[in-house]
Amino acid sequence: MSYLLPSLSNKADIDKAIRDTIDKVLVLRFGRATDVVCMQLDDILAKSARDVSKFASIALVDADAEAIQVYVKYFDITHIPATIFFFNAHHMKMDSGSPDHTKWIGAFYTKQDFIDVVEVSFTSS
Amino acid sequence: MPDKQFEYCTVCRLNHNRGKGHKFSAKHQQRLESHLSKALSKIRDISFFLSNPALLRHSDRASNSFWCSFCDTTICELDSTFVCSNTIRHLASSSHLDAIKKFWFENGASAEKRHLFVVQSEELAKWEDACKALSTASASMEPSHGAVNNIPSICSSSIATCFEKFSAICHRNMKISDPLPIYKDGSVRCNPIKKRSLVDSGCSTGSSPLHFENHGETISQIGRCNLEQHSGIACTSLPLSGGSEGNVHTCAHPPWLQVDERQITDAYPALDNLNAAPLYRKGNRSKKPLNPKRVGAAWAEKRRSEMAREAAGEKLQKGSENDKAWLPNFGGVWQSGSRRETRKEFESERWLDIERLKSDKVKALQPYISKKQRLKEGAVGIATSTEPHNSN
């Protein structure tokens with residue numbers, strides 16, 4: 001499913017994506033294209049990309065790529081898939097009931113769950 | 001005409017006493033046609049899975065059921081591994097064939113179409129072979145797929161086990177009821193996450209010392225949990241090099257603000273090739289004015305102007321945005337000071353707003369001038385302005 005969404009493979013791409021996504025929520029999925037839960041999440045992201053395209057952009061990041069380990073380390077990504085939200089180059093934190101407010105770990109049950117999260121992130125920012 | 005016994009026609013949904021003559025009536029034939037076409041479309045949908053067997057997700061099992069109008073039964077897929085497996089077996093069963101024959105006899109449908117509503121035994125055998133092949137392939141390729149399907153049950157039990165293990169340690173050392181953020185010390189990190197709306201979550205394996213951070217206090221304990229194998233979440237190891245930069249938890253300087261100019265220029269061609277949904281909003285701002293107090297509004301304006309200058313070919317100063325004010329100023333208790341100070345500040349601001357509103361209202365007050373008077377004044381004005389011309 002990862003081929004349906006833009007993939008960022010090096011730090012410069014991620015930097016550019018975060019810095020140049022203006023007045024829209026940027027959703028970055030850190031994961032692995034071959035992982036089962038990542039596939040499940042990618043499916044949901046790909047299906048919702050068009051629906052949220054007016055207020056959000058979605059991109060995938062390979063957590064195993066050497067070039068982006070600085071981001072993996074900065075966001076303390078130890079479990080994949082980890083979904084991180086940005087708005088105007090600001091990292092958006094969210095209280096999803098888990099102790100870690102910096103990222104969303106795992107897939108979403110449905111497409112609507114993801115859309116709701118992005119919508120809340122956009123409206124509250 | 002002798003009175004015949006009343007019968008119920010399931011196709012027409014009415015009681016009649018016309019006996020066997022009813023099934024030859026035009027209305028009955030018409031309704032029978034629509035009934036059969038509906039049933040046939042449903043069976044054609046299922047025949048897709050007969051030729052292309054697929055694994056059924058655990059979450060979809062409850063919503064996957066089939067109503068057989070010939071047998072008057074609902075076939076549920078709660079215990080099936082493949083999509084429509086129970087339905088396919090039902091359509092191939094002898095009881096369904098008998099029901100079809102009975103329906104055809106009672107309603108007078110054409111016998112030529114009867115085979116379309118039944119799954120043949122050869123088709124069933126082929127489907128079963130394909131299912132076996134699929135199950136062996138999925139078992140060999142994705143051993144954790146079964147675990148993913150059983151996430152709701154497994155996750156709750158595994159999380160509970162994890163919490164039990166940690167609560168025993170936590171109770172001895174700190175007065176907390178809920179597990180708090182746990183940060184790693186070394187290369188392994190344990191992060192028990194409550195399962196509410198997440199699909200699943202888990203803990204990494206390891207026997208390294210784990211740090212329980214509670215309002216500034218750090219308590220080191222040795223914990224061990226093996227939830228990774230039960231949950232579908234995979235773990236990654238953090239890079240070991242460069243441990244002094246800090247991370248998002250320590251409010252370290254974010255990497256996207258530490259940008260090398262050469263890297264940015266190199267990144268352009270790679271990103272221009274993205275042909276999926278547009279990743280960036282290129283200048284087409286919405287007509288609705290944006291909230292000036294939105295997060296990063298200043299950044300957005302600054303960056304937009306920078307991008308415009310970049311597009312014009314100007315070279316930006318390296319690290320121009322790399323200042324200390326990159327964090328948004330939320331004000332109040334989020335920034336500094338106590339709640340009392342925040343309240344004072346808020347009340348003073350509100351007072352100022354009220355004062356400003358009052359002053360605006362005072363300025364706006366004007367005596368009422370009627371329309372007639374205004375017209376008269378206007379006419380006088382015009383007359384006075386035209387007088388010099390007339391005199392000339």
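In the annotation of an unreviewed UniProt entry, chain B is listed under the name TITAN-like protein and assigned to Ceratopteris richardii.

Let us now look at the overall build of chain B. Counting secondary structure elements, chain B contains ten helices and eight strands. Out of the 392 residues belonging to chain B, those deemed buried represent 30%. Restricting the contact set of chain B to residue pairs at least 6 apart, pairs at least 24 apart contribute 53%. As displayed, chain B offers around 26,500 Å² of accessible surface, 54% of which is attributable to carbon and sulfur atoms.

As a further point, take a nonpolar patch on the surface. All names here are of chain B. Where nonpolar side chains cluster on the molecular surface, the patch consists of Phe330, Val333 and Trp334 and spans about 370 Å² of accessible area. For Trp334, the location among the structural elements is in the loop between helix H8 (297-312) and helix H9 (339-364). For Trp334, a relative accessible area of 68% translates into the label exposed.

By size, the foremost hydrophobic cluster in this structure holds 32 residues, and its most contacted members are Leu36, Phe70, Trp104 and Phe117 of chain B. Residue assignment for this core shows that the elements contributing at least two residues are helix H1 (26-51), strand E3 (65-68), helix H2 (85-92), helix H3 (94-107) and helix H4 (121-141) of chain B. For Phe70 of chain B, the residues in contact, after removing those within four places along its chain, are His35, Leu36, Ala39, His96, Ala99, Ile100, Phe103, Trp104 and Phe117 of chain B. Grouped together as the second largest cluster of nonpolar side chains are 29 residues, Ile18, Ala59 and Ala82 of chain A together with Trp299 of chain B included.

With that out of the way, let us pick up the pairing of strand E5 (residues 82-87) of chain A. Residue and element names in this part refer to chain A. Most of E5 is tucked away: six of the six residues are buried. Across the two faces of E5 the burial is the same, with Ala82, Ile84 and Phe86 and Thr83, Phe85 and Phe87 all buried. The sheet contact formed by strand E2 (residues 25-31) and E5 spans six bridges and is antiparallel. The residue of E5 that forms the bridge with Val27 is Phe85. Where E5 meets strand E7 (residues 104-105), two bridges bridge the pair, whose relative direction is antiparallel. Each bridged residue has a counterpart across the sheet, and for Thr83 the counterpart in E7 is Trp104.

Moving on: the pattern of salt bridges. Within this structure, the stated rule accounts for 17 salt bridges over all chains. Close ionic contact of Arg32 of chain A with Asp64 of chain A constitutes a salt bridge, the shortest N to O distance being 2.6 Å. Of this pair, Arg32 of chain A sits in the loop between E2 and helix H2 (36-49) while Asp64 of chain A sits in the loop between strand E3 (56-62) and helix H3 (69-74), and the two are 32 residues apart along the sequence. A relative accessible area of 39% means that Asp64 of chain A is categorised as partly exposed. For Asp43 of chain A, the salt bridge is made with Lys47 of chain A, and the minimal N-O distance between the two is 3.7 Å. Taken together, the residues Asp43 of chain A and Lys47 of chain A, both in helix H2 and four residues apart, mark about one turn of the helix. Among the residues examined, Asp43 of chain A registers a relative accessible area of 15% and is labelled buried. Given the relative accessible area of 47%, Lys47 of chain A is considered partly exposed. Taken together, the shared-partner salt bridges in this structure form one network comprising Lys16 and Asp20 of chain A together with Arg303 and Glu306 of chain B.

This part covers the packing of aromatic side chains. Overall, the coordinates contain 18 aromatic pairs over all chains when judged by the stated rule. Where Trp104 of chain A meets Phe108 of chain A, the ring centres are 4.5 Å apart and the plane angle is 10°; that geometry is what we call stacked. Taken as a pair, Trp104 of chain A and Phe108 of chain A share a single burial class, namely buried. On the basis of an interplanar angle of 50° and a centroid distance of 6.0 Å, the ring pair of Phe70 of chain B and Trp104 of chain B is categorised as tilted.

Turning to the confidence of the model for chain B, a few remarks are in order. Interpretation of the predicted coordinates at a detailed level should be avoided for regions scoring low in pLDDT. Residues and elements named next belong to chain B. Mean pLDDT for chain B: 68, with 59% of residues reaching 70 or above. Model confidence for chain B, summarised as mean pLDDT per element, is weakest for strand E7 (residues 217-222) at 32 and strongest for H3 at 90. The low-confidence segment residues 142-230, where pLDDT is below 50, has 157 contacts with residues more than four positions distant or belonging to other chains. Two numbers describe this predicted complex: its pTM, 0.44, and its ipTM, 0.86.

Since the α-helix packs 3.6 residues into each turn, any two residues three or four apart lie on the same face. All names here are of chain A. For helix H4 (residues 111-124), spanning 14 residues, the distance from its first C-alpha to its last is 20 Å, which sits close to the expected 20 Å at 1.5 Å a residue. Restricting attention to buried positions, one finds in H4 the residues Phe114, Ile115, Val117, Val118 and Ser121. Buried positions in H4, seen along its axis, are confined to an arc of 160° and lie on one side of it. Away from its buried face, by an angle of more than 90 degrees, H4 presents the exposed residues Val120, Thr123 and Ser124. Here the buried face of H4 lies against E2, H2, E3, E5, strand E6 (90-92) and E7.

Glancing now at the packing of H1 of chain B against H3 of chain B. All names here are of chain B. Between H1 and H3, the shortest axis-to-axis distance is 12 Å and the interhelical angle comes to 155°. By the angle between their directions, the pair H1 and H3 is classed as roughly antiparallel. Note on element contacts: H3 touches H1 through Phe103, Trp104 and Asn107, opposite His28, Gln29, Leu32, His35 and Leu36. Grouping the amino acids of the contact of H1 with H3 by side-chain chemistry returns four nonpolar, four polar and no charged.

About the criteria used
Residues numbered from 1 in each chain as written. Chains lettered and ligands numbered in written order. Predicted model: local features only at pLDDT ≥ 70, side-chain atom pairs only at ≥ 80, totals over all residues. Heavy atoms only, no water. Helix = DSSP H or I, 4+ residues; strand = E, 2+ residues; numbered from the N terminus. Buried < 20%, exposed > 50% of the residue type's maximum accessible area, 1.4 Å probe, protein only. Contact = heavy atoms within 4.5 Å. Areas by Shrake-Rupley, 256 points an atom, 1.4 Å probe, with all protein chains shown as cover. Patch = residues over 30% accessible without salt bridge, like charges linked within 9 Å, V, L, I, M, F, W, Y side chains within 5 Å. Salt bridge = Lys/Arg side-chain N within 4 Å of Asp/Glu carboxyl O. Core = buried A, V, L, I, M, F, W, Y, C linked by side-chain atoms within 4.5 Å. Pairing = 2+ DSSP bridges. Phe/Tyr/Trp six-rings, centres within 6.5 Å; stacked < 30°, edge-to-face > 60°. pLDDT = per-residue confidence, 0-100. Expected span 1.5 Å × (residues − 1). Arc of directions from axis to C-beta. Axes fitted to C-alpha atoms, helices over the stretch in contact; angles between N-to-C directions. Parallel < 35°, antiparallel > 145°, perpendicular 65-115°, else oblique. Nonpolar A, V, L, I, M, F, W, Y, C, P; charged D, E, K, R; others polar.

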